Amino acid sequence: MKIMKFGGTSVGRPERMHQVKELITADDDKKIVVLSALSGTTNALVGIGEALAEGKKELAKQKIDALNEHYNNFYLELLTSKAGRAKAAQIIKEHFEFLTIILKISFNEAINKDILAQGELLSTKLFYTLLQELEIPAVFLPALEFMSIDENDEPELSKIRQRLEAILTRYPEDSIFITQGYICKNHRNEVDNLKRGGSDYTASLIGAATSASVVEIWTDIDGMHNNDPRIVEQTRAIAHLSFDEAAELAYFGAKILHPASIWPAQLHNVPVKLLNTMEPDAPGTTITGGGDGTVGVKAIAGKDGITALKIKSSRMLLAYGFLRKVFEIFEKYRTAIDMITTSEVAISLTMDDVSHLKEITAELQKLGKVEVDHHLSIICIVGNNIMEEKGVLNKIMDSLEQIPLRMVSYGGSRHNVSLLIDGKQKERVLQSLNQRLFDFE
């Protein structure tokens, strides 16, 4: 069994859905195909939910109508047979009737999750209709029948495995299964999701649950690059990464891979490949547990939207338990810390989730003086045993001698050095590091 996940750009046009069809039928391997929503759909659905939350029902209706028109045009290009088009038209009609009904009822978060689920449901049903039109044998595998999260929004991997095994045993002769990324059921049996980018997470969870031979993540770029190709001109795809290296890069800003999608594959030692739908023969990036044995810098990633907090307190001096009190505040509000540095009288830390910043700041002020700094970026330099490469820290500092550094994290991981900078300096920093660390002219 292998898992093939295709992102929104890979299914966002009718001709690209046909490319996906070619890729999944290129061999006889048994496979589960995980599809995202068509590119732009989730953003449109978020906009519909926001309009409804603000009571702007007419605006929500306009957004629904515009999205409906897009899908009506899409299926006419995707399908050619009368039967196929009739089926697609009915699918689209049912889903947009559902969205229209929502205009007439009270809006709440549970309804919003139902709205957000429509994208993946539509893309998979339309793709399955294409396979039927082309008489390609496949099984439609609804994610809501097996994918679930608990009361802490964590995937229930053992339950997912049990349900999947039970479903797959019903189809011993079938080799292609089509399912949705992103969507799931929560502990109240309501429709929920794995958050934005969660289709990667779905694929990795399915890979772990089925002990797959590989999880293939198909996007519109030929693997994970050694720097952000949207900002830096000279970048190259990385042939091989360890799970730890890939996890660091994904968490600190490499957009090709969802940060949470590494651990299920790593836990069950399932290789992950990052491949390009538009260039299927490109080698891409392979992520495994072993690494490739090389030591040194492999890639750089940048994460925006960072807020820094500094807690100063003379009571911290020689006082045990102070850090614990700080961490308990963040735990109380379920807010993660990205970086942290300490001195005798101060703690500096960063966060990207500011939904509880006001409450966290108020409680931290009971421990000392709190300073808040917004609009920062974290730059993460990743490589295998990066600390063992002689002079790597000197190279980093030399390339940034004109850039003020707010924080430096070195030694917390064998695989990365992290820098906190003003967000306005991000592009300059990425370009400078690229030239110095990768010997580009």
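These remarks concern the structure in this document. These numbers come from a predicted model, not from an experiment.

## Regarding the pairing of strand 10 (residues 285-288)
Burial along strand 10 is two-sided: Thr-285 and Ile-287 facing one way and Thr-286 and Thr-288 facing the other are all buried. Here strand 8 (residues 240-242) runs beside strand 10; their pairing, made up of three bridges, is parallel. Within strand 10, the position partnered with His-240 by the bridge is Thr-286. Two strands pair when backbone bridges link them, and strand 9 (residues 272-276) and strand 10 are joined in this way by three bridges, in the antiparallel orientation. Its bridge partner being in strand 10, Val-272 is matched across the sheet by Ile-287.

## Considerations on the pairing of strand 7 (residues 214-219)
As a general feature of sheets, a regular strand has side chains that alternate between the two faces. Counting buried positions along strand 7 gives six out of six residues, so the element sits mostly inside the fold. Burial of strand 7 is two-sided: the residues Val-214, Glu-216 and Trp-218 facing one way and the residues Val-215, Ile-217 and Thr-219 facing the other way are all buried. Two strands pair when backbone bridges link them, and strand 1 (residues 2-6) and strand 7 are joined in this way by five bridges, in the parallel orientation. Looking at the pairing, Lys-2 lines up with Val-214 of strand 7. Note that strand 7 and strand 9 share five bridges and pair parallel. Residue pairing for strand 9: Ile-217 is matched across the bridge by Leu-274.

## Focus: helix 11 (residues 322-332)
Residues three or four positions apart in an α-helix share a direction because the helix packs 3.6 residues into each turn. Within the span of helix 11, buried status applies to Phe-322, Val-326, Ile-329 and Phe-330. All buried residues of helix 11 lie within an arc of 95° about the axis, which places them on one face of the element. In helix 11, the exposed positions angled more than 90 degrees off the buried face are occupied by Glu-331 and Lys-332. In the core, the buried residues of helix 11 are packed alongside strand 11 (296-312), strand 13 (346-351) and helix 12 (357-364).

## Topic: the packing of aromatic side chains
To describe a pair of aromatic rings, you give the distance between the ring centres and the angle between the ring planes. Considering all chains together, one arrives at five aromatic pairs under this definition. Between Tyr-128 and Phe-140, the aromatic rings sit 5.5 Å apart at their centres with planes inclined by 50°, giving tilted as the arrangement. Taken together, the residues span a long stretch of sequence, with Tyr-128 in helix 6 (residues 109-133) and Phe-140 in strand 3 (residues 139-140) at a distance of 12 residues. Overall, Tyr-128 belongs to the buried group, its relative accessible area being 18%. For Phe-140, a relative accessible area of 23% corresponds to the partly exposed category. Ring geometry for Tyr-251 versus Phe-252: centroids 5.0 Å apart, planes at 90°, classification edge-to-face. The exposure class assigned to Phe-252 is buried, which follows from its relative accessible area of 6%. For the cation-ring pair, Lys-303 lies above Tyr-251, with the distance from its terminal atom to the ring centre recorded as 3.7 Å.

Basis of the calculations
Residues numbered from 1 in each chain as written. Predicted model: local features only at pLDDT ≥ 70, side-chain atom pairs only at ≥ 80, totals over all residues. Heavy atoms only, no water. Buried < 20%, exposed > 50% of the residue type's maximum accessible area, 1.4 Å probe, protein only. Helix = DSSP H or I, 4+ residues; strand = E, 2+ residues; numbered from the N terminus. Pairing = 2+ DSSP bridges. Arc of directions from axis to C-beta. Contact = heavy atoms within 4.5 Å. Phe/Tyr/Trp six-rings, centres within 6.5 Å; stacked < 30°, edge-to-face > 60°. Lys NZ or Arg CZ within 6 Å of the ring centre and 35° of its normal.

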